[in-house]
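Residue-level structural notes
What follows is each chain in one-letter form.
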Amino acid sequence: MQNTIYQKIWSQRVILNLIFLLLLAAPLFLSDFRLNLLGKFLAFAILAIGLDLLWGYTGVLSLGHGIFFGLGAYCMAMYLKLEATGGGLPDFMAWSGMSELPLIWIPFQYPIVAIILGILLPAIIAFMLGYLTFRNRISGVYFTILSQALVLVVVTLFVGSQNLTGGSSGLTNFNTFFGFSVNSATTQTAFYIITVIVLGLVFFLSRKLVKGRFGKILVGIRDGENRMRFLGYSPSAYKTFIYTLSAAIAGLAGMLFVLQVGIISPTMIGIIPSIEMVLWVALGGRGTLIGPVIGAVLVNAAKTGFSESYPDIWTYFLGLLFVLVVVFLPKGITGLFEKWNDRRKKQDVSSSVEVEKSYS
Amino acid sequence: MSQAVLKLKKVIVDFSGFKAINQLDFTVKPNSVHFVIGPNGAGKTTLLDVVCGKTKATNGEIKLQGTTEISKLSEDQIVHQGISRKFQAPSIFQNLSVIDNLEIAMKQKKKLFSMITAKWTNEQKKKVSEMLELVGLKEVQDQSAGSLAHGQKQWLEIAMVLMQEPDIVLLDEPIAGMSKKERNKTGELITKIAKDRAVLIVEHDMDFVKEYADIVSVMHEGQLLFEGSMEEVQNDPTVREVYLGRKVEEHVVS
């Protein structure tokens, strides 16, 4: 019995390592264009891991993670924009009649500050919202609605402050990152490799977190928040922590996204992308960490594939895919593997019983 | 034996006009099996709720060990003061294994950051193992808690309560839905755990109360009607009138 458990863990670890190595080696066999796409998907996958910690493990559904993703992306984009203008005023600011750099843009001249803020800013906002709502025992659907409201507020704010954020057209036309040209193939490959490493790290650390006692507490909060109180836990502290952590991870993903895609605008962080992010997790399989990664890559790959082959009707395919998965795979893609594994195990047991019978 | 572990003084729980508990004075002594009985709506479960912090007292004070005032503390703080509660319906974590359930229940630092780095100590392993022996769940320790039989679920929850090493255990109808054999086992378990702590139990089953009670408190309309041994309770005329009398009527009707 113990032997098989060990084997299972071992084989899981081997598969994960193989996937990781395969992703690292992807530049060797993918075209620049495909590599760039995969890099974008993997940035989404990083976010999906954070969302799974929050929703899959802790049971808090946030329909507002686009905002945290967006904050990270905008932080990075602001730095890239300033770098591109060579210390001058970004073009859209000049158009809206500004003569000097606004105060909130000044820290983003420094790449290190931009990177730190890209993680810290989403974390701080999530902490404040999480602290206030969870402490007052606002949970379930009420929290979800609040998270949607946050999206609405932030997007409206971003679109409205044309002179600060570039309005609805967002930020684009970047040039260099730490002095390297962002459009060259080598820099893009480097961004890709960085994304894979960050994904690996986030995955590894999240896995470590949920495999230990901490993960069991998160599941406890998901399945019986009140019961956890009577075991001496304060669920609001845990929920706030996980919400903050997953927002920070989303910010990180946003930064990697903008480096590879070269544009960020309010439509990419609004309500629809926020809901889509939850769908990646649901499709891949909640509470599995690997599921959401698969989900994020697969959904986005499908999106790209369908839109290339059937530019007119591709959205219907995507809709159909969602319906099929929800109806036939309520536990997502990883649920399918579990089912398959269980069936195999049962067959193993029944065949060994038969063997025993034939010998007796 | 002399000092009370728990003392309620003039406690009122007011549910917008309806006083579920009305000016209740109540004392729990250490190392005793203390049953609370009474007709429906007498305030028995509310008494447990107010002690464990699920419901806040509108008025009055609740003192632990004669000193600590707990009526203003939150549920998790009360647990760390040494009061643990088992609910009526088994509320265990179905998706976790039996041993995982005990792992998160056991007495330890339960703050966020101490939990991130939490590891099994040898002492903790020993305690969990002993507890599994005590409640007889050793063989099923790796099974998911959701797959247990009803009685086993109840014992698992009792084990989870005991893992917190409380001074006072609150049990709400622990034997509801149990078979005769399971009831006996639960009764023995309660006697055993009461050796070094107080156990306060709300129960409807009079035979069970009779068999295992050290002290019986009879509640009626949010107040303490009578307190004593089961024998005294059965012979008290007011109790007979209010509680047993009503039961006789019920029998007649049905």
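Because the structure is predicted, anything quoted here is derived from the model rather than measured.

With that out of the way, let us pick up the overall build of chain A. A count of helical and extended segments in chain A gives 14 helices and four strands. Computed over its C-alpha atoms, the radius of gyration of chain A comes to 22 Å, within 12% of the 21 Å expected for a compact globule of 360 residues. Counting over 360 residues, chain A shows a buried share of 47%. Excluding contacts between residues fewer than 6 apart, the proportion of contacts in chain A whose partners are at least 24 apart in sequence is 78%. Separation between the mean location of the 25 positive side-chain charges and that of the 15 negative ones in chain A comes to 12 Å.

Moving on: the environment of A:Phe241. Among the secondary structure elements, A:Phe241 is positioned in helix H10 (residues 235-261). When the C-alpha atoms of A:Phe241 and A:Leu54 are compared, they prove to be 9.5 Å apart, with 187 residues separating the residues in sequence. Residues within four places of A:Phe241 in sequence aside, it is in contact with A:Phe214, B:Leu112, B:Phe113 and B:Ile116.

Residue and element names in this part refer to chain B. By the assigned domains, chain B splits into domain 1 (1-82 + 166-254) and domain 2 (93-165). Put simply, the middle of domain 1 and the middle of domain 2, counted by C-alpha atoms, are 26 Å apart. If you look at the interface, domain 1 gives 16 residues, while domain 2 gives 14 residues. Together, Pro166, Lys185 and Leu189 form the three largest contributors to the area buried by domain 1 at its contact with domain 2, with a combined 35%.

Turning next to the interface of chain A and chain B. Opposite the 22 residues of chain A that make contact, chain B presents 32 residues. For the pair chain A and chain B, the summed buried surface comes to about 2,300 Å²; carbon and sulfur atoms form 62% of the total. Sorting the residues of chain A by area buried against chain B places A:Arg213, A:Arg227 and A:Phe230 first, and these three jointly supply 37% of that buried surface. Taken together, the links from chain A to chain B amount to five salt bridges. Taken together, the links from chain A to chain B amount to 13 residue pairs in polar contact (both at pLDDT 80 or more). Going through the elements one at a time, helix H9 (213-229) and H10 of chain A are the ones with two or more residues in the side of chain A that touches chain B. The element that contributes the greatest number of residues to the side of chain A that touches chain B is H9(A), accounting for twelve residues. Looking at side-chain class alone, the side of chain A that touches chain B contains eleven nonpolar, four polar and seven charged residues.

Time to look at the packing of helix H3 (residues 65-85) of chain A against H10(A). All names here are of chain A. The N-to-C vectors of H3 and H10 enclose an angle of 45°; their axes lie 7 Å apart at closest approach. For the element pair H3 / H10, the angle class is oblique. In this structure, H3 crosses over H10, and the sense of that crossing is right-handed. In this structure, H3 uses His65, Phe68, Phe69, Gly72, Ala73, Met76, Ala77 and Leu80 to contact H10, whose residues at the interface are Tyr243, Ser246, Ala247, Ala250, Gly251, Ala253, Gly254, Met255, Phe257, Val258 and Leu259. Here the contact of H3 with H10 is built from residues that sort into 14 nonpolar, five polar and no charged.

This part is about the pairing of strand E7 (residues 168-172) of chain B. All names here are of chain B. For E7, the tally of buried residues reaches five of five residues, placing the bulk of the element in the interior. Neither face of E7 is exposed, since Ile168, Leu170 and Asp172 on one face and Val169 and Leu171 on the opposite face are all buried. Inspection of the sheet shows strand E6 (residues 83-86) paired to E7 by four bridges, in the parallel sense. Counted as the bridge partner of Lys86 is Leu171 from E7. The parallel pair E7 and strand E8 (residues 198-202) is bridged by helix H7 (residues 180-193), and the resulting crossover is right-handed.

A word on the confidence of the model for chain A. Should pLDDT be low for a region, the predicted coordinates there are not to be read in detail. Residues and elements named next belong to chain A. Within chain A, residue pLDDT values average 89, and 93% of them lie at 70 or more. Taken element by element, the predicted model of chain A shows its lowest mean pLDDT in helix H14 (residues 332-359) (67) and its highest in H10 (96). Confidence over residues 355-360 falls short of pLDDT 50; this stretch has zero contacts with residues more than four positions distant or in other chains.

Tallied over the full model, the rule gives 23 aromatic pairs over all chains. Aromatic pair A:Phe230 and B:Phe87: ring centres 5.0 Å apart, planes at 65°, arrangement edge-to-face. Separated into two different chains, A:Phe230 in the loop between H9 and H10 and B:Phe87 in the loop between E6 and helix H3 (98-105) make up a pair that spans both. Note on A:Phe230: relative accessible area 4%, which makes it buried.

A positive phi angle is found at A:Phe178, which is not glycine, with a value near 50°. With respect to the secondary-structure elements, A:Phe178 resides in the loop between strand E2 (176-177) and strand E3 (180-181).

What follows deals with the pattern of salt bridges. Overall, the coordinates contain 23 salt bridges over all chains when judged by the stated rule. Note that A:Arg227 is salt-bridged to B:Glu157, the shortest N-O span being 3.3 Å. Remark: B:Glu157 occurs in helix H6 (residues 150-163) and A:Arg227 occurs in helix H9; the pair is interchain, linking two chains. By relative accessible area, A:Arg227 is classed as buried at 5%. The network of salt bridges with common partners includes A:Arg213, A:Lys216, B:Asp100 and B:Glu103.

Summarising burial for H3(B): seven of the eight residues are buried, a large majority. Looking at H3(B), one finds that the buried residues are B:Val98, B:Asp100, B:Asn101, B:Leu102, B:Glu103, B:Ile104 and B:Ala105.

A few words on the environment of A:Phe203. Residue and element names in this part refer to chain A. Locating Phe203 in the fold gives a position in helix H8 (residues 185-211). When the C-alpha positions of Phe203 and Leu35 are compared, they lie 20 Å apart, and in sequence the two are 168 residues distant. Sequence-distant contacts of Phe203, defined by excluding residues within four places in its chain, comprise Leu16, Ile49, Leu289, Ile290 and Val293.

Moving on, we come to the sheet that holds E8(B). Residue and element names in this part refer to chain B. What the six strands build is an open sheet, ordered E6-E7-E8-E3-E9-E10; its pairing is mixed. The sheet terminates laterally at E6 and strand E10 (223-228), the two strands that pair on one side only. On average, each strand axis in the sheet is inclined to that of its neighbour by 20°, with strand direction left out of account. Judged from the five bridges that link them, E7 and E8 form a sheet pairing that is parallel. By the bridge assignment, Ile168 is partnered in E8 with Ala198.

The rules behind each value
- Residues numbered from 1 in each chain as written.
- Chains lettered and ligands numbered in written order.
- Predicted model: local features only at pLDDT ≥ 70, side-chain atom pairs only at ≥ 80, totals over all residues.
- Heavy atoms only, no water.
- Helix = DSSP H or I, 4+ residues; strand = E, 2+ residues; numbered from the N terminus.
- Rg over C-alpha atoms; globule rule 2.2 N^0.38 Å.
- Buried < 20%, exposed > 50% of the residue type's maximum accessible area, 1.4 Å probe, protein only.
- Contact = heavy atoms within 4.5 Å.
- Lys, Arg positive; Asp, Glu negative; His and termini not counted.
- Charge placed at Lys NZ, Arg CZ, Asp CG, Glu CD.
- Domains from an automatic or database assignment.
- Buried area = accessible area lost by both parts, 1.4 Å probe.
- Salt bridge = Lys/Arg side-chain N within 4 Å of Asp/Glu carboxyl O.
- Polar contact = N/O pair within 3.5 Å; in protein donor to acceptor, adjacent residues only side chain to side chain.
- Nonpolar A, V, L, I, M, F, W, Y, C, P; charged D, E, K, R; others polar.
- Axes fitted to C-alpha atoms, helices over the stretch in contact; angles between N-to-C directions.
- Parallel < 35°, antiparallel > 145°, perpendicular 65-115°, else oblique.
- Left-handed = near helix turned anticlockwise from the far one by under 90°.
- Pairing = 2+ DSSP bridges.
- Right-handed = clockwise from strand over helix to strand, strands pointing away.
- pLDDT = per-residue confidence, 0-100.
- Phe/Tyr/Trp six-rings, centres within 6.5 Å; stacked < 30°, edge-to-face > 60°.

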